[in-house]
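# Architecture and fold: a report
Given next are the chains, with one letter for each unit.
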Amino acid sequence: MKKIAVLKRDFLYFQIAHFLIEEQNYKLIYASDSKQNLYFKNIEQDSYIRLVRKDLIWTRDLKEDVEKEEETLRNSTVYRLSKKAKWTYLYISDVNPFFDFHYIFSTITEENITGKLLSPPDVMEEEELAFWKKFSPLVDEESALNFIEGVKQKIQSIEREREKTIQRTFFYGKPIFSSIFLFIQILFFFWLEFNGGSQNVETLVKYGAKHNELLLEGEWWRLITPIFLHIGFLHLLMNSIALYYVGTVVERIYGSSRFLLIYLIAGVSGTIGSFLFSPTISAGASGAIFGCFGALLFFGYKSPKIFFDTLGTNVIMLVLFNIVFGFVVPGIDNAGHLGGLIGGFVAAGAVQLPKNQSKLASLVYIVILLIGIGSSLFYGYNYKS
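Treat the numbers as computed from the prediction; the structure is a model and nothing was measured.

## A closer look at the overall build of the chain
- When helices and strands are tallied, the chain shows 16 helices and five strands.
- For the chain, the C-alpha radius of gyration of 28 Å lies well beyond 21 Å, the compact-globule estimate for 385 residues.
- Here the C-alpha coordinates of the chain stretch approximately 90 × 40 × 35 Å along the principal axes.
- Counting over 385 residues, the chain shows a buried share of 47%.
- Considering only residue pairs separated by 6 or more positions, the chain has 72% of its internal contacts joining residues 24 or more positions apart.
- Total accessible area computed for the chain in this model is approximately 20,600 Å², and 61% of it derives from carbon and sulfur atoms.
- Separation between the mean location of the 38 positive side-chain charges and that of the 38 negative ones in the chain comes to 5 Å.

Structure follows, in structure tokens:
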């Protein structure tokens with residue numbers, strides 16, 4: 001009898017999973033290895049269901065489960081984007097708990113999270129019994145087991161397809177140029193150090209730092225050379241770490257040739273922004289790195305589901321933090337950062353994503369890029385002088 005009772009709960013659990021996937025507007029967004037913990041997101045609304053196959057006997061069983069899952073959610077993109085979303089935790093249990101489930105659940109969860117417990121019918125409330133009766137009763141063991149196995153295979157198929165999509169998206173290219181640029185900026189740093197010092201103004205100017213007066217005198221290469229120079233070891237270290245992590249992600253998404261264009265265009269756009277709005281001598285890959293963030297934001301604009309299911313919130317938070325940091329802390333070339341961010345976004349639009357291309361959109365972004373760079377240089381050379 002116990003075996004049949006357990007099978008009944010398993011049958012109900014996978015019927016609910018099948019119902020959400022096939023008949024309701026819910027998308028499976030996570031499945032544990034055991035398939036005993038499933039997360040679903042409503043496609044049209046900001047609401048989520050966590051379906052759990054777990055026995056809750058004592059209060060501590062529920063508390064431990066909720067605390068563990070809430071910690072997981074707080075560290076996930078889903079939660080950070082959906083703090084006000086409606087969550088439902090739906091537990092399927094083989095036994096009745098020795099506590100008031102609804103009361104305890106409400107005291108240990110936040111307001112936007114509600115819980116339901118479907119345990120043996122003798123203690124179910126009327127609403128829960130009505131929910132139970134929506135699904136087919138267990139008729140014979142073999143049919144139930146076949147159905148459960150079919151739903152498990154469906155879940156595995158969804159997981160595999162998601163993994164393939166992520167693999168296709170984030171492993172399109174290899175980090176070739178990001179590694180080359182990293183090597184170049186480290187090499188140039190030591191070149192500066194052995195030829196007067198990377199924090200020596202004369203040395204920086206001699207080897208290509210952004211210098212407004214020299215740009216106005218026609219030394220146009222200073223729009224490019226500052227990308228590879230850094231002022232002091234800490235400056236190099238911070239930009240090298242950012243290039244290693246952010247640059248490689250962008251190159252894997254866009255491919256090497258597109259990344260090369262994005263990085264250089266963003267770097268030049270950052271130098272132009274600094275040229276227009278900052279009179280100080282400056283150097284560094286920050287504008288190009290902000291351009292990589294801009295390229296990731298363009299990726300989010302074109303593929304929002306994948307973006308927000310993976311790295312979206314982290315990218316947005318890092319961009320906002322760095323912009324605010326640049327305005328608050330003195331000595332940071334925020335104009336160069338913003339110029340690079342905008343340049344990277346537009347450059348990404350010009351080259352387009354590898355498997356999501358539009359020639360017309362690419363042409364529009366190319367025109368925007370040419371007008372933006374051209375008008376900025378025209379203004380800088382004709383009015384700043």
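## Topic: the layout of surface pockets
- In this structure, the largest pocket encloses a volume near 1,100 Å³.
- Every residue lining the largest pocket is counted, 39 residues in all, and those nearest its centre are His-235, Asn-239, Ser-286, Ile-332 and His-337.
- Sorting the residues of the lining of the largest pocket by element identifies α10 (233-254), α11 (256-277), α12 (286-302), α14 (312-328) and α15 (334-351) as the ones contributing at least two each.
- The leading source of residues in the lining of the largest pocket is α10, at eight residues.
- Residue composition of the lining of the largest pocket, grouped by class: 20 nonpolar, 17 polar and two charged.

## With respect to the sheet that holds strand β3 (residues 47-53)
- Pairing in this open sheet of five strands is mixed, and the strands run β1-β2-β3-β4-β5 from one edge to the other. Every interior strand has two partners, whereas the edge strands, β1 (26-31) and β5 (113-118), have only one. Ignoring which end each strand starts from, the neighbouring axes of this sheet average 20° apart.
- Here β1 runs beside strand β2 (residues 37-42); their pairing, made up of five bridges, is antiparallel. Bridge assignment links Ala-31 to a residue of β2, and that residue is Leu-38.
- Helix α4 (residues 101-108) rests against β4 (86-92) and β5 of the sheet, and its axis sits at about 155° to β5.

## A word on the nonpolar core
- Grouped together as the largest cluster of nonpolar side chains are 37 residues, with contacts concentrated most on Val-250, Tyr-254 and Tyr-263.
- Sorting the residues of this core by element identifies α7 (177-193), α10, α11, α12, α14, α15 and α16 (359-384) as the ones contributing at least two each.
- The contact partners of Tyr-263, leaving out residues within four places of it in the chain, are Phe-181, Gln-185, Ile-227, Leu-243, Ala-285, Ala-288, Ile-289 and Cys-292.
- Counting residues in each nonpolar core, the second largest holds 24 residues, with Phe-14, Tyr-26, Leu-90 and Ile-92 among its members.

## Description of the environment of Arg-53
- Along the chain, Arg-53 falls in strand β3.
- Of the residues examined, Arg-53 reaches a relative accessible area of 10% and is grouped as buried.
- Remark: the alpha-carbon pair of Arg-53 and Ile-371, spanning 318 residues in sequence, is separated by 59 Å.
- Ignoring anything within four residues of it in the chain, the contact list for Arg-53 reads Val-6, Arg-9, Asp-10, Tyr-13, Gln-36, Ile-92, Ser-93 and Asp-94.
- A distance of 3.2 Å separates a polar side-chain atom of Arg-53 from the backbone oxygen of Val-6.

## A short note on the pairing of β4
- Here β4 lies mainly inside the structure; six of its seven residues are buried.
- When β3 meets β4, the two strands line up parallel, connected through seven bridges. Residue pairing across strands places Arg-50 opposite Tyr-89, the latter belonging to β4.
- With α4 bridging β4 and its parallel neighbour β5, the resulting β-α-β unit is right-handed.

## Observations concerning the environment of Gln-156
- Secondary-structure assignment places Gln-156 in helix α6 (residues 141-170).
- Judged by its relative accessible area of 34%, Gln-156 is partly exposed.

## What to know about the packing of aromatic side chains
- A full pass over the atoms with the stated rule returns 29 aromatic pairs.
- With 6.3 Å between their ring centres and 50° between their planes, Phe-181 and Phe-259 make a pair best called tilted. Of this pair, Phe-181 sits in helix α7 while Phe-259 is found in helix α11, placing the two residues 78 residues apart along the sequence. As far as the burial class goes, Phe-181 and Phe-259 line up, both buried.
- Through pairs of rings, three or more aromatic residues link up here, namely Phe-177, Phe-181, Phe-188, Phe-228, Phe-259 and Tyr-263.

Rules used in this analysis
Residues numbered from 1 in each chain as written. Predicted model: local features only at pLDDT ≥ 70, side-chain atom pairs only at ≥ 80, totals over all residues. Heavy atoms only, no water. Helix = DSSP H or I, 4+ residues; strand = E, 2+ residues; numbered from the N terminus. Rg over C-alpha atoms; globule rule 2.2 N^0.38 Å. Buried < 20%, exposed > 50% of the residue type's maximum accessible area, 1.4 Å probe, protein only. Contact = heavy atoms within 4.5 Å. Areas by Shrake-Rupley, 256 points an atom, 1.4 Å probe, with all protein chains shown as cover. Lys, Arg positive; Asp, Glu negative; His and termini not counted. Charge placed at Lys NZ, Arg CZ, Asp CG, Glu CD. 1 Å grid on protein atoms, 1.4 Å probe; cavity = no way out; pocket = protein on both sides within 12 Å on 5 of 7 lines; lining within 4 Å. Points joined across faces, edges and corners; volume = space filled by probe spheres on them. Nonpolar A, V, L, I, M, F, W, Y, C, P; charged D, E, K, R; others polar. Pairing = 2+ DSSP bridges. Axes fitted to C-alpha atoms, helices over the stretch in contact; angles between N-to-C directions. Core = buried A, V, L, I, M, F, W, Y, C linked by side-chain atoms within 4.5 Å. Polar contact = N/O pair within 3.5 Å; in protein donor to acceptor, adjacent residues only side chain to side chain. Right-handed = clockwise from strand over helix to strand, strands pointing away. Phe/Tyr/Trp six-rings, centres within 6.5 Å; stacked < 30°, edge-to-face > 60°.

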